[in-house]
Amino acid sequence: MKKALVAAVVVVILAMAGGLMYLLLDNRNLEQEKLEMLELAELDKQEMENDYERLSLQYSEMMTQINNDSIIAQLTQEQMRTQQLLQELKNVKAADAREIARLKKELATVREVLRSYIRQVDSLNQVNQQLIAENENVKDQLAHSNSVNADLRQEKQNLTEKVAIAAQLDATAISMSILNKRQKSAKKMKDCKTIQVGFNIARNVTATNGNRTLYVRIQTPAGQILTAGTFPYENRQLEYSMKKVVEYTGEELNVQTYWQVNEFLDAGQYRVSIFADGNMIGTKTFTFE
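Note that the coordinates shown come from a computational prediction; the quantities given were computed from them, not determined experimentally.

Enquirer: Mind laying out helix α2 (residues 69-91), listing which residues take part and the relevant values?
Expert: Each α-helix turn comprises 3.6 residues. Residues three or four places apart therefore point the same way. In this model α2 runs 33 Å from its N-terminal to its C-terminal C-alpha over 23 residues, within 8% of the 33 Å that 1.5 Å per residue would give. Of the residues making up α2, those classed as buried are I71, L75, E78, Q79, T82, L85, L86 and L89.

Here it is in structure tokens:
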């Protein structure tokens, strides 16, 4: 009787130990997935901080290239606003998706304002070039003409560098839909057979026209990437889910991409990130049952 009782106690202890070990391993996996999601969020936040800092620097450089007090005052005001948004971004946590989304929208606005000033300054530079050319013809000062031309080439080079930042594409109106086997909208992830990700490439007259390769990256609630291949990004290879080559003309362009589901997908939050020309041009999080 005592041996049976002892054996029963041993079995219960072993079962409890096994259950405890399972819980510990499960918690460790959840913590690892959480860390990976936070790492990507921190990467996105750091890239936004870098963009804000570059835009603020561009305002400083533009103010050294012009002598118009009115425009300089406007540029100073916009630079202060950019620095204020940068400080707000530095103070916010990467996990605060709503605040990060707001500051990303503000970043797109700041970039568009910078583009408008670049076009305005470029127009002023063209007028100045015409005046200089007329002055050269009247005074016939070849030495002075060579000096001015050298300055103009430098200004053109500086403006080209500014345009490169302003020419970065922006992905807007990002959407993610799940479709069932009849390609109709599904209510739950368990019925999903196709994932549709759509977005617009915003109008940008400063961007170079031509073919662009767009990469769409989908991260599951477990932190895994639905992977179809890899692409270079900041001196490393990132996995992408969908790739599409489009012809961009500078006008707003709607893009639709699809992922055929051949794996089990959990309900929860899915993060969609879009890349082009070595930059993350848009990201958004979606929740599905």
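Enquirer: Tell me about the sheet that holds strand β1 (residues 171-179), and name the residues and values.
Expert: Spatially, the three strands line up as an open sheet ordered β1-β2-β7, and their pairing is antiparallel. Pairing within the sheet leaves two strands with one partner each, and these edge strands are β1 and β7 (253-260). Mean inter-strand twist for the sheet, computed between neighbouring axes without regard to direction, equals 15°. Of the pairings in the sheet, the one linking β1 to strand β2 (residues 194-201) comprises seven bridges and is antiparallel in character. Each residue of the ladder has a partner; that of S177, found in β2, is Q196.

Enquirer: Run through the environment of F199, naming residues and quoting values.
Expert: With respect to the element layout, F199 can be found in strand β2. Taking relative accessible area as the criterion, F199 reaches 1% and is therefore assigned buried. Expressed as a C-alpha distance, the spacing of F199 and G282, which sit 83 residues apart in the sequence, is 9.2 Å. Among residues more than four places away in sequence, those in contact with F199 are A171, T172, A173, I174, L214, V216, L253, N254, V255 and I274.

Enquirer: Tell me what's going on with the layout of surface pockets, and back it up with residues and numbers.
Expert: In this structure, the largest pocket encloses a volume near 910 Å³. Along the wall of the largest pocket there are 37 residues; nearest its centre are D44, A101, K104, T283 and K284. Where the lining of the largest pocket is concerned, the elements lending two or more residues are α1 (2-63), α3 (97-139), β1, β8 (268-276) and β9 (279-288). Of the residues assigned to the lining of the largest pocket, the class counts are 17 nonpolar, eight polar and twelve charged.

Enquirer: Any chance you could break down the side chain of Q196 for me, citing the residues and the numbers?
Expert: Tracing the chain through its elements places Q196 in strand β2. Separated by 2.9 Å, the side chains of Q196 and Q256 make a polar contact.

Enquirer: So, the pattern of salt bridges: which residues are in play, and what are the values?
Expert: Tallying each qualifying case throughout the model produces twelve salt bridges. Close ionic contact of E106 with R81 constitutes a salt bridge, the shortest N to O distance being 2.6 Å. Note that E106 is positioned in helix α3 and R81 in helix α2, a separation of 25 residues in sequence. With a relative accessible area of 29%, R81 lands in the partly exposed category. Connected through shared salt-bridge partners, D51, R54, R111, E112, R115, R119 and D170 make up one network.

Enquirer: Break down unusual backbone geometry for me, citing the residues and quoting the values.
Expert: Of note in the backbone geometry, A173 takes a positive phi value of approximately 50° without being a glycine. Structurally, the position occupied by A173 is in strand β1. Located in the positive-phi region is E234, a residue other than glycine, with phi close to 50°. With respect to the helices, strands and loops of the structure, E234 is situated in the loop between β4 (229-233) and β5 (236-240). Accessibility expressed as a relative area gives 45% for E234, which makes it partly exposed.

Enquirer: Kindly report on the pairing of β8, identifying the contributing residues and their values.
Expert: Among the nine residues that make up β8, eight are buried, leaving the element largely enclosed by the rest of the structure. Taken together, the six bridges between strand β3 (residues 210-219) and β8 define a ladder with antiparallel strand orientation. The residue bridging I218 from the neighbouring strand is V272, located in β8. With nine bridges connecting them, β8 and β9 associate as antiparallel partners. Across the sheet, residue Q269 finds its bridge partner in β9, namely T287. Between β8 and β9, which pair antiparallel and follow one another directly, the connecting turn spans two residues, one of which, D277, has a positive phi of 55°.

Enquirer: Report on the nonpolar core, specifying residues and quantitative values.
Expert: Core analysis: the biggest nonpolar cluster contains 32 residues, and M176, I195, V197, F199, I201, I218 and V272 have the highest contact counts within it. Elements that contribute at least two residues to this core include exactly β1, β2, β3, β6 (242-248), β7, β8 and β9. The contacts of V197, once residues within four sequence positions are left out, are S175, M176, V216, I218, M242, V255, Q256, T257 and V272.

Enquirer: Can you lay out the pairing of β3 for me, pointing to particular residues and giving the numbers?
Expert: Burial analysis of β3 places seven of its ten residues in the buried class, which makes it a mostly covered element. Relative to β6, β3 runs antiparallel, the two being bridged by seven bridges. Residue pairing for β6: V216 is matched across the bridge by M242.

Calculation criteria
Residues numbered from 1 in each chain as written. Predicted model: local features only at pLDDT ≥ 70, side-chain atom pairs only at ≥ 80, totals over all residues. Heavy atoms only, no water. Helix = DSSP H or I, 4+ residues; strand = E, 2+ residues; numbered from the N terminus. Expected span 1.5 Å × (residues − 1). Buried < 20%, exposed > 50% of the residue type's maximum accessible area, 1.4 Å probe, protein only. Pairing = 2+ DSSP bridges. Axes fitted to C-alpha atoms, helices over the stretch in contact; angles between N-to-C directions. Contact = heavy atoms within 4.5 Å. 1 Å grid on protein atoms, 1.4 Å probe; cavity = no way out; pocket = protein on both sides within 12 Å on 5 of 7 lines; lining within 4 Å. Points joined across faces, edges and corners; volume = space filled by probe spheres on them. Nonpolar A, V, L, I, M, F, W, Y, C, P; charged D, E, K, R; others polar. Polar contact = N/O pair within 3.5 Å; in protein donor to acceptor, adjacent residues only side chain to side chain. Salt bridge = Lys/Arg side-chain N within 4 Å of Asp/Glu carboxyl O. Core = buried A, V, L, I, M, F, W, Y, C linked by side-chain atoms within 4.5 Å.

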